Amino acid sequence: GTSTGRVHWWKVSIENGKGSKGKCSRTRVLHTFQGHEGVVTAIQMIPSMDLLLTASLDTTVRLWDLVKRKEKFKFCGHNAGVVDLAYSEEYRFLLSAGIDHDVCVWSPFADRLVFKLKGHGSPLVGVEFVTGTPQIVTADAEGWIKVWDARN
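None of the values given here were measured: they were computed from a predicted structure.

Draft legend 1. Layout of the overall build of the protein. Looking only at helices and strands, the protein has 0 helices and 13 strands in total. When the helices and strands of the protein are read in sequence order from the N terminus, they spell out β-β-β-β-β-β-β-β-β-β-β-β-β. In terms of its C-alpha atoms, the protein occupies a principal-axis envelope of roughly 55 × 30 × 30 Å. Across the 152 residues in the protein, those meeting the buried criterion constitute 42%. Looking at the protein as shown, the accessible area adds up to about 8,300 Å², and 50% of this sits on carbon and sulfur atoms. A distance of 10 Å separates the average location of the 19 positive side-chain charges in the protein from that of its 16 negative side-chain charges.

Following this line, the structure appears as structure tokens:
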């Protein structure tokens, strides 16, 4: 992502010839996704569905279709910038962590907010799904870490 709200999708060719030591030999931009109006802060690939998720300080999260190379959904639910993203293949949920202290839960199949995880008292700095479990872990700027159950 860029400070101008663009996300560049690059093709990188790795040279594997004798003596090359896996050096990058060629790069080119395949496509530039445009839509955010602020700094892009996080990017999350969803390869199983050919989707790209991006977050920005403009308070939005955007879901991009990599096959059609266009925006699928623009998610609006945060009151301040979005700083981190996570996705669970098992639960098919998208998560966005915001400076507004909330985690928004989204579906890749609908363009509306599913629900919010509230409980932090300061801006969030991270969100993760714990692989193989229903647990979501969030962290805030004051150092608090919370564990949530995605089934509830």
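Draft legend 2. Molecular detail of the environment of alanine 150. Topologically, alanine 150 is positioned in the segment after β13 (145-149). On a C-alpha basis, the gap between alanine 150 and tyrosine 91 in space is 7.9 Å, while along the polypeptide they are 59 residues apart. Those residues within four positions of alanine 150 in sequence are excluded, and the remaining contacts are Phe93, Phe129, Pro134 and Ile136.

Draft legend 3. Empty space enclosed by the protein, seen in detail. Enumeration according to the criterion identifies 1 cavity of 30 Å³ or more in this entry. What the largest cavity holds in volume is close to 30 Å³. Every residue lining the largest cavity is listed: Phe115, Leu117, Ile136, Trp148, Asp149, Ala150 and Asn152. Within the residue set of the lining of the largest cavity, elements represented by two or more residues are β10 (113-117) and β13. Of the residues belonging to the lining of the largest cavity, the class tally is 5 nonpolar, 1 polar and 1 charged.

Draft legend 4. Looking closely at the sheet that holds strand β4 (residues 51-56). If you walk across this open sheet you meet the 4 strands as β3-β4-β5-β6, and the pairing is antiparallel. Of all the strands in the sheet, the pair left with one neighbour each is β3 (40-46) and β6 (70-76). For this sheet, the mean angle separating the axes of adjacent strands, direction not counted, is 20°. In the sheet, β3 pairs with β4 via 6 bridges, with the strands oriented antiparallel. Bridge pairing links isoleucine 43 to threonine 54 in β4.

Definitions and limits used
Residues numbered from 1 in each chain as written. Predicted model: local features only at pLDDT ≥ 70, side-chain atom pairs only at ≥ 80, totals over all residues. Heavy atoms only, no water. Helix = DSSP H or I, 4+ residues; strand = E, 2+ residues; numbered from the N terminus. Buried < 20%, exposed > 50% of the residue type's maximum accessible area, 1.4 Å probe, protein only. Areas by Shrake-Rupley, 256 points an atom, 1.4 Å probe, with all protein chains shown as cover. Lys, Arg positive; Asp, Glu negative; His and termini not counted. Charge placed at Lys NZ, Arg CZ, Asp CG, Glu CD. Contact = heavy atoms within 4.5 Å. 1 Å grid on protein atoms, 1.4 Å probe; cavity = no way out; pocket = protein on both sides within 12 Å on 5 of 7 lines; lining within 4 Å. Points joined across faces, edges and corners; volume = space filled by probe spheres on them. Nonpolar A, V, L, I, M, F, W, Y, C, P; charged D, E, K, R; others polar. Pairing = 2+ DSSP bridges. Axes fitted to C-alpha atoms, helices over the stretch in contact; angles between N-to-C directions.

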